[in-house]
Amino acid sequence: MGRTTMNAGSGVGGCFVRNGSPVLWLLALLLVGLIMRPAQAQLFGGGGPGGGGPTLVIENARIITMVGPAIERGTIVMQGGRIIAMGTDVEVPRRAMRVNAEGKTVTPGLIDVSGGLGMDVEGQPGSGALRRAVDGFDPFNELAFDAALRNGVTALYVGPRSGNGFAGTGAVLRLARRDDGGRGVVLEERFDFVIDFTNGDALERVEAFEQARAMFRAALNYRDSIDEYEEKLEEYKEELKKFIEEYEKEQAEGEEEEPAPATQPRGRGGRQGQGGGGNEEEKGPEKPTRPDPSREYDLLLEVLDGELSVRIRADKDADILNALDLAERMGLKFTLEGGAESWLVASQLAEREFTVLLGPTIERVIRFDTNQPRRHSGAYSALRSAGVPVLIGSNGAASGSALATRFVLETAQLALQHEGENPGMRALRMVTVDAARYLGISMQAGTIRRGGVADLVVWSGDPTTGAAAVEQVYINGRPAFTAMRRGGRN
Amino acid sequence: MRDSMKDKSFGAMTINRTNRRRSRRGAPLAGLAAACVLGLCSLAATAQAQRTVFIAGHTLMPDGSLQSGRAVVVERGRIVSIEDAEEFADDDASVQRFPNHVLSPGLIELGSSLGVRGNQAGGTEPIEPGLRAVDAIDVHDPFLRLALEHGITAAMVLPDASRIIGGRAATFRTHPGRGALGPMPDLLNANGPAFLSMGPQVLDFSYGPTSRAGAAFELREGLKQSRAEGSAVSELLPHDQGMIALCASIEDVDLILTATTEAFGGMDSNANRLVLIYTPDDPSLVEDLAQEEVPFVVGPLTFSTPSVQLLSVAGLANAGATVAFSNRTPLVHPDWLRTSAALSVKHGMDPAAARRGMTSVAAEVAGIQTGAIRAGADADLVLFTGDPLLLSSRVDAVFIRGERVHGVRPSVSEIGESEGAFEGGAR
């Protein structure tokens, strides 16, 4: 623990801290104070919320809190991983490290509701209901974390890699340092069971749909057979009880007449011996056989019972309709991920009130291939006007583009082009507070508020009215990324 | 070759178009066409005798900044002055107000294959200086409209990248012009920069060169021929609009720089003018690249572009190099042109430089007179719902020579502020 909590930074700073001498500590603080380079604060490293540590203050910033109007020239005081004070009239603690963010804008860290970051080690796409993204997530994929952090992304849903049919269960993570030195603190180990209809040609996808249906049916049959078994088991117990009672009665009667051998009733291998004659060997009731346990069926039943939410990946209209059909037959509720052609079936989606986690709305490359989903820049607006709840995500896991998460804000901006008022702010809202609400992590991410977790992005300008560079990212109130100036390596 | 075709003055459009017609149909028909064009022009001129004034919430200025309170005065399809909107008074002018919009010059796409189908090579020779991209343009390409509706008003097409010395680039408006016989390319520069390529496409095992060394040899030999009287290359080079060269790697950049300096180093600035189509991918080299003082055409930069490339582009611009964006429309959706610029800003490029990279700097590269809102430039304008660098901004209207060619017409009443629709408009 000593290493991991102290040594998230590197180099000189790391040495100072490891030595643990108070004098060196002071020296280190002094150094930071003199240089005022927030990057240096990395030497204080890890530590989760409540971990103490230095006090960091961002001053003179425009703060877009997502819970109220923006604060002009505001101050944020961060300590112990949390925001301990915020506003325009805030007393800055003594010995705090102050960062002047004049002309900068501060927003909450961005959140991707459909990412695949850090999943590179999982290997080839395949299928399997039991796969869990949290197991495939690589906490030491620094390249991926750098890409995400330098673009302001601090938390995300990580989906299992693409694979037709049951793809596995996703997870929700914050890109904070973990105790083992890696990144990716798990907020929700199991979130959204993924059924994927985005791979292969149209017939393969239909096959995947049929297979999924068959598997759900098999799971239900499995449950029926378990129920049947349990019923029979009860019957068996009753019968066994009766059998024993009768046996004991017989024994008691026999004892009065003649001594009997001291045997236990045997329950196996025989018919129930109700009408048995006195001299025949007594046979107990037949014990029912328990069906083989199946973790996969148990999981699917959890899904069917609504205990584990479902996310269906589908892009083509026909696949989305199939997904709706599957939901209808199985009594499922699901969230649609990707949904490139969801705008074509907006009314059908609206009927069921399922949420769409819309992926990129414009083609990267225009193709003339009918298997290629028809994306539309007006997809978001079409869905909204039909009454479908929509969020925007990178669609990184489904598209096999693990790094797509880094541009989740831009994906949202492009999707909102046809929205009237202040689409820039709505795009930011969608990938912060709205995304956090969907992922059930509103307490840990998505807003800037007093007492909240200090995951912040400092932008060179206002990302809701123009393009801006990410200058700094704070996670747990510590610098997790600092941009270098002027074409330097970083 | 120093005839009117190479004229970069404002008459270039008409003159070039006339020449193009003449080359195909012969002089009499061309004369007729020219007369028709002129007739149409004068007709249009009388129709819009009054001035049109665009007053938008913000105006994208030639320096790339967004400024409020500007009145852009347009007369006969050309911007005649930029005034202070508050002090501006002209009772005869038709004033169009768009208080919630950003008025931008039309975006210019430098790497397109818009209006061009298939490969644009002439045969199998690596050196084909006689090719003219202008001859490949098809105004009926539906993607031209797609580009226009996304704010791209001009596109440069290059000869095929498989030619080491491949003829002249051409730039035309995405909105077709009108000729006597229907729509025809509205050319902005038919005789654009000479195209050199060291892209991977030049290597071809069926007809050579088969190696990079072979390609380098062909390039040097080809450039040498520019001094030989009567050779095919001497018809193209030295070119008074300079050269534009495609490079796949930093080694190609080095080769092109060396070879062209060897060939044209001592000549006047235009002949030795060079633009590099190259997206750097090593942030540690951008300072050196910037010192070469050549403009760079980069892109398309998309969501799958590695961070090092995005950082290198931003670094290159910040180190002082001139950077323009290109997009390969329509192979790549036209909105990725703005995305290229936006992602560069996100990785540290100055926003004003990024806006110039889609407009005025791109115009300089293409050798055309649009791309900036300044007196004397053609009024090819785009009305965005916000900063073009903000990807949630969209195009609400496009004007070519001051005439609306795309967008909802402003209505006198009814349209309020709520829907982000047009404000103001007809008086």
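Data block above holds the structure.
These remarks concern the structure in this document. (Residues numbered from 1 in each chain as written. Chains lettered and ligands numbered in written order. Predicted model: local features only at pLDDT ≥ 70, side-chain atom pairs only at ≥ 80, totals over all residues. Heavy atoms only, no water.)

With respect to a negative patch on the surface
Residue and element names in this part refer to chain B.
- Taken together, Glu251, Asp254, Glu287, Asp288, Glu292 and Glu293 make up a surface patch of like negative charges.
- When contributions to the negative patch are tallied by element, the ones reaching two or more residues are helix 6 (250-264) and helix 7 (286-291).
- Exposure remark for Glu293: the relative accessible area of 71% places this residue in the exposed category. (Patch = residues over 30% accessible without salt bridge, like charges linked within 9 Å, V, L, I, M, F, W, Y side chains within 5 Å. Areas by Shrake-Rupley, 256 points an atom, 1.4 Å probe, with all protein chains shown as cover. Salt bridge = Lys/Arg side-chain N within 4 Å of Asp/Glu carboxyl O. Lys, Arg positive; Asp, Glu negative; His and termini not counted. Charge placed at Lys NZ, Arg CZ, Asp CG, Glu CD. Helix = DSSP H or I, 4+ residues; strand = E, 2+ residues; numbered from the N terminus. Buried < 20%, exposed > 50% of the residue type's maximum accessible area, 1.4 Å probe, protein only.)

Notes on the interface of chain A and chain B
- Taken residue by residue, the interface counts 37 residues in chain A and 41 residues in chain B.
- Buried area between chain A and chain B, both sides added, is near 3,200 Å², and the carbon and sulfur share of it is 58%.
- At the boundary of chain A with chain B, the tally comes to one salt bridge.
- Of all the elements in the fold, those that place two or more residues in the side of chain A that touches chain B are helix 12 (408-415) and helix 13 (423-439) of chain A. (Contact = heavy atoms within 4.5 Å. Buried area = accessible area lost by both parts, 1.4 Å probe.)

Things to note about the side chain of A:Asp462
Residues and elements named next belong to chain A.
- Structurally, Asp462 can be placed in the loop between strand 14 (456-459) and strand 15 (470-475).
- Classification of Asp462 by relative accessible area gives buried; the value is 17%.
- Of note is the side chain of Asp462, whose polar atom sits 2.7 Å from the side chain of Arg62.
- When neighbours within four sequence positions are excluded, Asp462 is seen to be in contact with Arg62, Ile64, Thr105 and Ala468. (Polar contact = N/O pair within 3.5 Å; in protein donor to acceptor, adjacent residues only side chain to side chain.)

Some remarks on unusual backbone geometry
- Geometrically, the link from B:Leu237 to B:Pro238 is a cis peptide bond, its omega value of -5° lying close to zero.
- Counting through the fold element by element, B:Pro238 comes out in the loop between helix 5 (232-236) and strand 14 (243-247).
- Cis rather than trans, the peptide bond between B:Gly299 and B:Pro300 has omega equal to 0°.
- Tracing the sequence through the fold places B:Pro300 in the loop between strand 16 (296-298) and helix 8 (307-318).
- For A:Arg95, which is not a glycine, the phi torsion comes out positive at approximately 65°.
- Looking at A:Arg95, the relative accessible area reads 71%, which means it is exposed.
- One non-glycine residue, A:Asp192, lies in the positive phi region at around 65°.
- Note on placement: A:Asp192 falls in strand 9 (residues 183-196).
- By relative accessible area, which is 1% here, A:Asp192 ends up buried.

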